[in-house]
Amino acid sequence: MASTEMLGRLGNSQDESEFYTPMPEGYRRGHTKYVIVLGTVMSGLGKGIFSSSLAKLLQDKGLRVAPIKMEGYLNIDSGTLNPYRHGEVFVMDDGLETDMDLGTYERLLDQDLNAAHYTTNGQILSGVLRKEREGGYLGRDVQVIPHVVGEVKLKLRELAVKTNADVVFVEVGGTVGDYENSFYLEACRQLAYEEGEGSSMFVALTYILEPGALGEQKSKAAQLGIRKLMEVGVHPHVIACRATNPVTEKVRQKISMFTNVPMKRVFSMHDQTSIYLVPDSLRVGGIDREVLTILDLHDRVDQAKEDRERERWNWFVDRIQPPKEKTVKIAVTGKYVSTRDAYASILKACEHCSVHLGVNVDLEWIDTTQIDRSNVAKRLSGVHGIIVPGGFGSRGTEGKIECIKFARENNLPYLGICLGFQMAVIEYARNVCGMTDASSSEFDPNGHRAVIDVLPEQKKIEGLGGNMRLGGKDVEIKAGTIASRLFDNATQCRLRFRHRYEVDPKFIPQLEAGGLIFSGKHPTQPIMQMLELPTSVHPFFVGTQAHPEMTSRPLRPSPLFMGLVQAGLDYANKPAAAVPEKVKA
Ligand code: GLN
């Protein structure tokens, strides 16, 4: 048990005490509880999915929840990580570039997160070094223990204060035993000790092997993984067993027996067809009750709210599985077509639309480096819509232009996202407005007509120092447009951005004269944020400089994706004769 005297002395680094626990102002000990989720056996088990699903169960009960992901890498943020290696870069409203797990939290909790909900070794260590230079630890040799772990504990408690959370969910990246996560683990162990009994709990997420040759589930790897956790002084309160199939009673008994965790706190977390089915499958196992008991939170439950929230959520999950009669096939012309995680939010946005519109949305991944004028019609035959997603660099861009041209000329629904918006401007400039040399200075720096360019003076106005324009921004919507209809006639919306280039305003008059409509603009600056063609010319040709997939939520799907899938459905429903020749297989 932590002593109050001990906590009273914390924060004074010149003190001879071995405890170094800086406390944020206004911290109310005992108000916020902590659920610490650790992975054993292997990474990639879905700690983020588990953690956000459990957080959702408590949030539905009226508790205020605040997740945080602690990454083991030295990068300050995820901005420079390669999507091939690490999945998509997810941008939060405040502009911090994080990893795709933060997207999972935002979607499941329907909550906008910010920098307080994400940290990396790089952030923690650079913070310690900065503090050392500023004389923050005068008189002391600065060490991993107590100083680095002290900063980690501070970060967690700051989140508690900032969000006034009932429960902070701490997801420690990687696997127990990794060097890079060891100080996080130590920090969590100390935090639990200092906060005292009933204030925090550890969940070990483990993996149950089921080798095909044996045809049965084996628990040894899980047992060894949990033992590894115990070696560093952490005894889990709950064990969640990831597995392909429901974990058998016998395996749960073994795990319970060898870890001293009661059977009722050893849960199966087997594969589901959609991550949105995970919260319910955990609730059926009774995990929410156990967590409330361990953390003494039963008093804070709002039963009426839980009933309401479950009704709303059930509406969604009940529609995920039943077979749907119609299928809309959408081609996604991505660069990272071999790693779906690079487009995780696009997949999710389409899943949301699938449920809301009651259709299957099948995505077909198309590598545009293989596309040219001669094969585009064949390659796109049978699809009902196209997404050209975000991207960087010139590889495959001419193939994208061909896809966009084809969509525009053949009434095929089109949604251009970020780079896909810019490519649509280039295609229109070249093929409709007669600017045959139109390009972007990103991939054609040597002077063709850069309708897409870097505009440092605009960046300065926005105070962003001429680099990437990141985060949530307001978009003014033009009345009478497709965008206006999709956003229920709102005059403004907020979308997430991550780009360096944009439409050069000096070409706007020429593009508009040629028929292109800029339906979304920055409220005060000439930054073009959405475009479209009139419905008299094309049923659905829309682009946005933003990433609408990042703000699509299960119960509030992205209007732009809804527009695309609905248009794709209309296209699919057209009698065959109305489908242009070129589109037929
Ligand atoms: N590469 C483009 C830019 O930096 C588009 C970025 C994106 O698609 N996220 O502006």
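Rules used in this analysis
- Residues numbered from 1 in each chain as written.
- Predicted model: local features only at pLDDT ≥ 70, side-chain atom pairs only at ≥ 80, totals over all residues.
- Heavy atoms only, no water.
- Helix = DSSP H or I, 4+ residues; strand = E, 2+ residues; numbered from the N terminus.
- Rg over C-alpha atoms; globule rule 2.2 N^0.38 Å.
- Buried < 20%, exposed > 50% of the residue type's maximum accessible area, 1.4 Å probe, protein only.
- Contact = heavy atoms within 4.5 Å.
- Areas by Shrake-Rupley, 256 points an atom, 1.4 Å probe, with all protein chains shown as cover.
- Lys, Arg positive; Asp, Glu negative; His and termini not counted.
- Charge placed at Lys NZ, Arg CZ, Asp CG, Glu CD.
- Polar contact = N/O pair within 3.5 Å; in protein donor to acceptor, adjacent residues only side chain to side chain.
- 1 Å grid on protein atoms, 1.4 Å probe; cavity = no way out; pocket = protein on both sides within 12 Å on 5 of 7 lines; lining within 4 Å.
- Points joined across faces, edges and corners; volume = space filled by probe spheres on them.
- Nonpolar A, V, L, I, M, F, W, Y, C, P; charged D, E, K, R; others polar.
- Near = heavy atom within 4 Å.
- Sits in = over half its atoms within 2 Å of the grid points.
- Pairing = 2+ DSSP bridges.
- Axes fitted to C-alpha atoms, helices over the stretch in contact; angles between N-to-C directions.
- Patch = residues over 30% accessible without salt bridge, like charges linked within 9 Å, V, L, I, M, F, W, Y side chains within 5 Å.
- Salt bridge = Lys/Arg side-chain N within 4 Å of Asp/Glu carboxyl O.
- Expected span 1.5 Å × (residues − 1).
- Core = buried A, V, L, I, M, F, W, Y, C linked by side-chain atoms within 4.5 Å.
- Phe/Tyr/Trp six-rings, centres within 6.5 Å; stacked < 30°, edge-to-face > 60°.

Another aspect to go through is the overall build of the protein chain. When you go through the protein chain residue by residue, the secondary structure sums to 20 helices and 21 strands. Compactness check: the protein chain gives a C-alpha radius of gyration of 26 Å against a globular reference of 25 Å for 585 residues, within 12% of the reference. In the protein chain, which comprises 585 residues, the proportion classed as buried is 58%. When contacts within the protein chain are restricted to residue pairs at least 6 apart in sequence, those whose partners lie at least 24 apart make up 74%. Accessible surface for the protein chain amounts to roughly 23,800 Å². Of this, 49% is attributable to carbon and sulfur atoms. A gap of 3 Å separates the mean positions of the 70 positive and 73 negative side-chain charges of the protein chain.

Positionally, Lys 153 belongs in helix H6 (residues 144-163). Within the structure, the side chain of Lys 153 is placed 2.7 Å from the side chain of Gln 190, a separation counted as a polar contact. Leaving out residues up to four positions away in the same chain, Lys 153 has contacts with Tyr 20, Thr 21, Ala 187, Gln 190, Leu 191 and Glu 194.

Quick look at the layout of surface pockets now. Put simply, the largest pocket is a space of about 1,100 Å³. In this structure, the largest pocket is lined by 44 residues; those nearest its centre are Gly 46, Ile 49, Met 100, Ile 275 and Asp 341. Looking at the lining of the largest pocket, the element that brings in the most residues is helix H13 (residues 344-357), giving seven residues. Residues that form the lining of the largest pocket fall into these classes: 14 nonpolar, 15 polar and 15 charged. Lining the second largest pocket are 21 residues, and of these Phe 487, Thr 551, Arg 556, Pro 557 and Pro 559 sit closest to its centre. Breaking the lining of the second largest pocket down by element, the ones donating at least two residues are strand S17 (492-499) and helix H20 (559-573). Among the residues forming the lining of the second largest pocket, the class breakdown is nine nonpolar, six polar and six charged.

The next subject is unusual backbone geometry. In this structure, the amide linkage connecting Ile 145 to the following residue, Pro 146, adopts the cis form with an omega of 15°. Inspection of the secondary structure assignment puts Pro 146 in helix H6. Notably, Asp 110 is not glycine yet its phi reads approximately 50°, a positive angle. Inspection of the secondary structure assignment puts Asp 110 in the loop between helix H4 (100-109) and strand S5 (118-120).

Right, let's talk about the site of the ligand for a bit. The environment of the ligand is made up of Gly 390, Gly 391, Phe 392, Cys 418, Leu 419, Gln 422, Glu 442, Arg 498, His 499, Arg 500, Tyr 501 and His 547. Between the ligand and Leu 419 there is a distance of 3.1 Å, counted from an oxygen atom to a backbone nitrogen or oxygen. A distance of 3.1 Å is found between a nitrogen atom of the ligand and a side-chain nitrogen or oxygen belonging to His 547. Within the complex, the protein chains bury 99% of what would otherwise be the 300 Å² of accessible surface of the ligand. The cavity where the ligand resides is the largest cavity. Within the shell around the ligand, the residues separate by chemical class into four nonpolar, five polar and three charged.

With that settled, the discussion passes to the sheet that holds strand S13 (residues 414-417). A sheet is described by the order of its strands in space; here nine strands give the open sequence S11-S10-S12-S13-S21-S20-S19-S16-S17, paired in mixed fashion. Edge positions in the open sheet fall to strand S11 (360-365) and S17, since each of these has one partner strand only. The mean inter-strand angle of the sheet, taken between neighbouring strand axes irrespective of direction, is 25°. Pairing between strand S10 (residues 327-332) and strand S12 (residues 385-388): three bridges, direction parallel. Of the residues in S12, the one forming a bridge with Ile 330 is Gly 385. Relative to S13, helix H16 (residues 419-431) is tilted by about 115°, and along the sheet it contacts S12, S13, S17, strand S19 (517-521), strand S20 (528-532) and strand S21 (541-544).

On to helix H10 (residues 278-285). Residues Val 278, Pro 279, Asp 280, Leu 282 and Arg 283 constitute the buried set of H10. Those residues of H10 hidden inside the fold are in contact with helix H2 (47-60), H4, strand S9 (266-270), helix H11 (287-294) and helix H12 (303-317). Of the residues trailing H10, Gly 286 is marked for its positive phi of about 90°.

Assignment of secondary structure puts Ser 53 in helix H2. Judged by relative accessible area, Ser 53 falls into the buried class, the value being 0%. With residues near it in sequence (within four places) discarded, Ser 53 still touches Leu 108, Val 278, Pro 279 and Leu 282.

Further remarks concern a positive patch on the surface. Together, Lys 218, Lys 220, Arg 227, Lys 250 and Lys 254 give the surface a local cluster of positive charge. Only helix H8 (220-231) and helix H9 (249-259) provide two or more residues apiece to the positive patch. Looking at the secondary structure, you find Lys 250 in helix H9.

The next point concerns H2. With 14 residues, H2 should reach 20 Å at 1.5 Å per residue; the first-to-last C-alpha distance of 20 Å fits that figure. For H2, the tally of buried residues reaches 13 of 14 residues, placing the bulk of the element in the interior. Phi turns positive one or two residues past the end of H2, at Gly 62, with a value near 95°.

When a protein is soluble and globular, its nonpolar side chains tend to lie buried together. Ranked by internal contacts, the top residues of the largest apolar core, which has 45 residues, are Leu 38, Met 70, Val 168, Val 170 and Ile 255. If you tally residues by element for this core, the top one is helix H7 (residues 182-195), at seven residues. Setting aside residues no more than four positions away along its own chain, Ile 255 makes contact with Ile 208, Ser 219, Ala 222, Ile 226, Ile 239, Cys 241 and Val 266. Leu 58, Phe 90, Tyr 207 and Phe 267 belong to the second largest nonpolar core, which has 42 residues in total.

Taken as a whole and judged by the stated rule, the model has seven aromatic pairs. Their ring planes at 80° and their centres at 6.0 Å tell us that Tyr 276 and Trp 313 sit as a pair that is edge-to-face. You can see Tyr 276 sitting in the loop between S9 and H10 and its partner Trp 313 sitting in helix H12, a full 37 residues away along the chain. Accessibility classification places Tyr 276 together with Trp 313 in one group, the buried group. Between Tyr 276 and Phe 316, the aromatic rings sit 5.4 Å apart at their centres with planes inclined by 85°, giving edge-to-face as the arrangement. With Tyr 276 in the loop between S9 and H10 and Phe 316 in helix H12, this residue pair connects regions lying 40 residues apart in the sequence. What makes Tyr 276 buried here is its relative accessible area of 0%. Here Phe 316 falls in the buried class, since its relative accessible area comes to 0%.

Right, let's get into the pattern of salt bridges. One pass over the structure, following the stated rule, counts 40 salt bridges. Note that Asp 60 and Lys 56 form a salt bridge whose closest N and O atoms lie 3.0 Å from each other. Taken together, the positions of Asp 60 and Lys 56, both in helix H2 and four residues apart, correspond to about one turn of that helix. Here Asp 60 falls in the buried class, since its relative accessible area comes to 5%. Assessed through its relative accessible area of 5%, Lys 56 is described here as buried. The salt bridge partner of Lys 305 is Glu 309, with a shortest N-O separation of 3.3 Å. Taken as a pair, Lys 305 and Glu 309 lie in helix H12 at a separation of four residues, close to a single helical turn.

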